[in-house]
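Tertiary structure, described
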Amino acid sequence: MHSSESSGVDPFERVYVTAVGAETTDQIFKKVAGYKQRHPEKLTALDEKIRRYVEEHTAPDKELELKETVRQELIKCARNIFKYATLVMTGSTAQMLCDKGGDLDLSLCVSDNDGCFPTGLAAVSEILDDFHVELTVNRPIEMICFSRYIQATVPIIRLALNDMYNDLDVDITCNSTNVFYTNHLVQHYVLFDDRVRPLVMAVKSWGRKVDVLDSQHGKLNSFTLTMMVIHFLQCVVSPPILPNLCALFPSVFQAEKVPLHRFPLYHDNCIPNLKKRLAQNHLSVAELLLGFLIYYADFQFDLHAIYVRLGKRVDREPALERESDAGEMFIEEPYERYNTMRTMRSPFTRIEIQKTFRSSAALMDCDDGDILGLIGIEKE
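The paragraphs below set out a description of the structure included in this document. (Residues numbered from 1 in each chain as written. Predicted model: local features only at pLDDT ≥ 70, side-chain atom pairs only at ≥ 80, totals over all residues. Heavy atoms only, no water.)

Thoughts on the pattern of salt bridges
Using the criterion set out here, one finds 17 salt bridges in the structure. The partner of D367 in a salt bridge is R38, and the shortest N-O contact between them spans 3.9 Å. One end of the pair, D367, is in the segment after helix 12 (347-361); the other, R38, is in helix 1 (residues 22-38), and 329 residues separate them in sequence. Put simply, D99 and R208 hold a salt bridge, and the shortest N to O gap is 3.7 Å. Here R208 lies in helix 7 (residues 196-209) and D99 lies in the loop between helix 4 (91-94) and strand 2 (104-109), a separation of 109 residues in the sequence. Counted as one network, the salt bridges with shared partners bring together E48, R51, R52 and E55. (Salt bridge = Lys/Arg side-chain N within 4 Å of Asp/Glu carboxyl O. Helix = DSSP H or I, 4+ residues; strand = E, 2+ residues; numbered from the N terminus.)

Spelled out as structure tokens, the structure:
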């Protein structure tokens, strides 16, 4: 265990975040409170619509069970050629943020003779190529109706399963072990407060509706929006709804990187014990959604960066940013520490997204603003 974790210091003293400032928070939630006072029925209706949306779009247990069945079948296939291989769920499924009908993201984990998981391009390409041959040439299982091996910067096997498996799409990377830590972190934030999942899902629905959730065209991606929600719940709402869980384990998130066998990051009693330390915040999901839109409507993405790992917003210093991380926005990946928005290189895209936030937040400025239209109940 890292020395700072065994020094006898109460770990819960490290979880506090750096607020964006009372003036910013007061300005946001005075506006939300004023709207609630004028239109309480609209806030209630929005809260109900979010509840129904989440109910309609959350992946049911039977769908998650099917994904687990697929994972187990693929593990059997992998072990035909790699004796101790396994496949680990990643992405929104692992983060407990999976939509109904969502894809299954897996990482094939194959260690070398030293028990390490090679991540070099040549090594993972060879492993995935062998696995793809096993799946498509030897065809040990009949669930696959289409497969493709994509040799890219991050090689991937893409599978389309048949109707017996709900036409499920499966993406398989290799030895993406670092992402396990971040998935585990997000999962614990989702478990920490029962408003986190519906707020993330509502924000993503809004993002799809207004066309800002579109990573293929250099706009926001799903993980970035999740980080933006967590930052908002950490540093903007008062009292904070979420703490800085990364600070509980500095040897994982702030010092040297640790091997895979150090899972799990958090003990069973971590969440309930920590929740007792935080002051209660009773804002509804609808109020939080409106506050989220107001906050990012005025966020200066060219000047500030979001660090969930540090539990704060920081001033950007472009001269200190790596060239590979130089994007129009900077939202850090907590474990690997790269910029999740490094693909956004056009200031016009950032300005367009900022305008979209502002137009959505402006719905509260007029009595006939359609805040119910912020999210959709239909499947996008």
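From this point, the narrative continues.
So, the sheet that holds strand 2
Whether parallel or antiparallel, the strands of a sheet pair through hydrogen bonds between backbone atoms. What the 5 strands build is an open sheet, ordered 1-2-5-4-3; its pairing is mixed. Each edge of the open sheet is held by one strand with a lone partner, namely strand 1 (86-90) and strand 3 (144-150). Within the sheet, the average angular offset between the axes of one strand and its neighbour, ignoring direction, is 25 degrees. On the sheet, helix 3 (residues 61-78) packs against strand 1, strand 2, strand 4 (156-161) and strand 5 (169-174) and is oriented at approximately 150 degrees with respect to strand 1. Of the strands in this sheet, strand 2, strand 3, strand 4 and strand 5 touch helix 5 (residues 121-136), which is tilted by about 160 degrees from strand 3. (Pairing = 2+ DSSP bridges. Axes fitted to C-alpha atoms, helices over the stretch in contact; angles between N-to-C directions. Contact = heavy atoms within 4.5 Å.)

Some points on the packing of aromatic side chains
Tallied over the entire structure, the rule returns 14 aromatic pairs. Plain terms: the ring middles of W206 and F357 are 4.7 Å apart, the flat faces sit at 45 degrees to each other, and that makes the pair tilted. Placement of the pair is W206 in helix 7 and F357 in helix 12, with a sequence separation of 151 residues. For the pair shown, W206 and F357 are each scored as buried. An aromatic cluster is defined as three or more aromatic residues linked by ring pairs; in this entry it consists of F29, W206, F232, F292, Y295, Y296, F299, F301 and F357. (Phe/Tyr/Trp six-rings, centres within 6.5 Å; stacked < 30°, edge-to-face > 60°. Buried < 20%, exposed > 50% of the residue type's maximum accessible area, 1.4 Å probe, protein only.)

Concerning the nonpolar core
The biggest cluster of nonpolar side chains holds 72 residues, and the ones touching the most others in it are F232, L233, Y296 and F357. At the level of elements, helix 1, helix 2 (40-57), helix 6 (178-192), helix 7, helix 8 (222-235), helix 11 (285-297) and helix 12 are the ones that each hand at least two residues to this core. For this core, the element with the highest residue contribution is helix 11, accounting for 11 residues. Sequence-distant contacts of Y296, that is, excluding residues within four places in its chain, are made with M228, H231, F232, F301, I306, Q354 and F357. L108, I127, L128 and L159 belong to the second-largest nonpolar core, a separate cluster that totals 32 residues. (Core = buried A, V, L, I, M, F, W, Y, C linked by side-chain atoms within 4.5 Å.)

Focus on the environment of S324
Secondary-structure assignment places S324 in the loop between strand 7 (312-315) and helix 12. Here S324 falls in the partly exposed class, since its relative accessible area comes to 42%. In this structure the C-alpha to C-alpha distance between S324 and T343, which are 19 residues apart in sequence, comes to 9.0 Å. Once residues lying within four places of it in the same chain are set aside, the contact partners of S324 are R342 and R345.

What about the packing of helix 2 against helix 11?
The contact between helix 2 and helix 11 brings their axes to 8 Å, and the two run at 100 degrees. Classed by the angle they form, the pair helix 2 and helix 11 counts as roughly perpendicular. Contacts between helix 2 and helix 11 involve L43, L46, D47 and I50 from the former and V285, A286, E287, L289 and L290 from the latter. Across the contact of helix 2 with helix 11, the residue classes tally to 7 nonpolar, no polar and 2 charged. (Parallel < 35°, antiparallel > 145°, perpendicular 65-115°, else oblique. Nonpolar A, V, L, I, M, F, W, Y, C, P; charged D, E, K, R; others polar.)

So far we have only geometry, and geometry alone does not tell us how the molecule works.
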